[in-house]
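Reading the structure
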Amino acid sequence: MKKIGFLSFGHWTPSSQSQTRSASDALLQSIDLAVAAEELGADGAYFRVHHFARQLGAPFPLLAAVGAKTGRIEIGTAVIDMRYENPLYMAEDAGAADIIAGGRLQLGISRGSPEQVIDGWRHFGYAPAEGETDAQMARRHAEVLLDVLRGEGFAQPNPRPMFPNPPGLLRIEPHSEGLRDRIWWGASSNATAAWAAKLGMNLQSSTLKDDESGLPFHVQQAEQIRVYREAWKAAGHKREPRVSVSRSIFALVDDRDRAYFGYGNQNEDQIGFIDEKTRAIFGRSYAAEPDALIEQLAKDEAIAEADTLLLTVPNQLGVDYNAHVIEAILSHVAPALGWR
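What this report covers is the structure whose coordinates are included nearby.

Rules used throughout
- Residues numbered from 1 in each chain as written.
- Predicted model: local features only at pLDDT ≥ 70, side-chain atom pairs only at ≥ 80, totals over all residues.
- Heavy atoms only, no water.
- Axes fitted to C-alpha atoms, helices over the stretch in contact; angles between N-to-C directions.
- Helix = DSSP H or I, 4+ residues; strand = E, 2+ residues; numbered from the N terminus.
- Parallel < 35°, antiparallel > 145°, perpendicular 65-115°, else oblique.
- Left-handed = near helix turned anticlockwise from the far one by under 90°.
- Contact = heavy atoms within 4.5 Å.
- Nonpolar A, V, L, I, M, F, W, Y, C, P; charged D, E, K, R; others polar.
- Pairing = 2+ DSSP bridges.
- Expected span 1.5 Å × (residues − 1).
- Polar contact = N/O pair within 3.5 Å; in protein donor to acceptor, adjacent residues only side chain to side chain.
- Buried < 20%, exposed > 50% of the residue type's maximum accessible area, 1.4 Å probe, protein only.
- Phe/Tyr/Trp six-rings, centres within 6.5 Å; stacked < 30°, edge-to-face > 60°.

Some words on the packing of helix α6 (residues 190-198) against helix α7 (residues 217-235)
- Where α6 contacts α7, the two axes come as close as 8 Å, and the packing angle between them is 30°. Our classification of the angle between α6 and α7 gives roughly parallel. Crossing angle aside, the handedness with which α6 passes α7 is right-handed. Across the interface between the two elements, Asn190, Ala193, Ala194, Ala196, Ala197 and Lys198 from α6 touch Glu223, Gln224, Val227, Tyr228, Ala231, Trp232 and Ala235 from α7.
- Its residues placed into classes, the contact of α6 with α7 shows nine nonpolar, two polar and two charged.

Topic: the sheet that holds strand β1 (residues 3-8)
- Judged by pairing direction, the barrel is parallel, and its eight strands sit side by side in the order β1-β2-β3-β4-β5-β6-β8-β13 before closing back on the first. Here the average twist between neighbouring strands, direction ignored, is 25°.
- Relative to strand β4 (residues 105-110), strand β3 (residues 74-81) runs parallel, the two being bridged by five bridges. Bridge assignment links Asp81 to a residue of β4, and that residue is Ser110.
- Packed onto the sheet, helix α5 (residues 134-148) meets β4 and β5 (183-186) and runs at close to 170° relative to β5.
- Across the face of the sheet, α7 comes into contact with β6 (202-205) and β8 (243-247) while running at roughly 165° to β8.

Describing the sheet that holds strand β11 (residues 279-282)
- One open sheet holds the three strands; their spatial order is β7-β11-β10, and the pairing between them is antiparallel. Edge positions in the sheet fall to β7 (208-210) and β10 (270-273), since each has one partner strand and no second. Between one strand and the next, the sheet's axes are offset by a mean angle of 30°, whatever the strand orientation.
- Looking at chain direction, β7 and β11 are connected through three bridges and run antiparallel. In the strand pairing of β11, Leu208 is matched with Phe282.
- This element, α7, spans β7 and β11 of the sheet and lies at about 70° to β7.

A look at helix α3 (residues 87-100)
- Compared with the 20 Å implied by 1.5 Å per residue over 14 residues, the 20 Å span of α3 between its first and last C-alpha is a close match.
- Contacts from the buried residues of α3 go to α2 (59-69), β3, β4 and α5.
- Near the N-terminus of α3, the side chain that reaches the backbone nitrogen of Leu88, with its oxygen 3.0 Å away, is that of Asn86.
- Following α3 by one or two positions, Gly102 has its phi on the positive side, about 70°.

Some remarks on α2
- Those residues of α2 not exposed but buried are Pro59, Phe60, Leu62, Leu63, Ala64, Val66 and Gly67.
- Buried residues in α2 make contact with α1 (23-40), β2 (44-47), β3, α3 and β4.

Points about the packing of aromatic side chains
- This structure, assessed with the given rule, holds eight aromatic pairs.
- Ring centres of Tyr228 and Trp232 lie 6.0 Å apart, and the angle between their planes is 45°; this geometry places the pair in the tilted category. Taken together, the positions of Tyr228 and Trp232, both in helix α7 and four residues apart, correspond to about one turn of that helix.
- For Tyr228, a relative accessible area of 0% puts it in the buried group.
- Ring-pair connections join several aromatic residues into one group, and the members of that group are Phe250, Tyr260, Phe261 and Tyr321.

Have a look at this one:
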């Protein structure tokens, strides 16, 4: 059995070919798709966060709105770039969104991806300390977030406060109990997956990772998951960790599917460079008739290792079509693979 959710990048463009032509469209349709996915029986609504782009960029208002409009589905990010975040302010926003959602927030964070602008985090007021890289700054911000989410007091109260304080040191409010265990790290390498395990974060592994062995993407990703689980066990955490992988998967069940995805789809891994030094491997997409799709997905080692599968959706094709994409996987593919 697997939890199955969707992952939307929330693109918008004024093109007449797009069903999502403005920021308003992207945000409101994201809420509508989460409601539709819950009604279909999906388990998660996840959103990618990009800054300086015509995509979803401010996650917490969206997460809170989805939480208020739904009642069961998990609500998450994959991922928030921690180079841009004030971890204390983020803890307040995350706590509020999680309380509104009734404890359903699954917050994916990471070092981030290549950006639209040069050193965009500097415009947000953040810069690495002397001798520190931007990736190390992101991990430092993440560690502060994890620490304050434990809910322990750390700030000295004012002896003459505006309002009465509880005794002792003060913590970030609102505090949402249990949120600390629902933080995920988006790891691109085996080493950062092990680091995330040591700190007690769940693991998100997407459709790309550092090419560390030259083996097929799904094999390398499965190895990353095993490295993560070994590090988790070594750290002695008491709870069971969760692991998600993302995939572009389309079951061709009608003429719309065949028109959009039936021809010229990427069916092999790709190699590229996400920066000047990092060679990355990009996982294939899956698009086929259900019987063929089931056979292909059964061979994906990383999906087999994960407990959660996030389906990347083409959000600019509109809510109705994306709900159809999700329903096709839940109805025609998931039962045959034992995911349902």
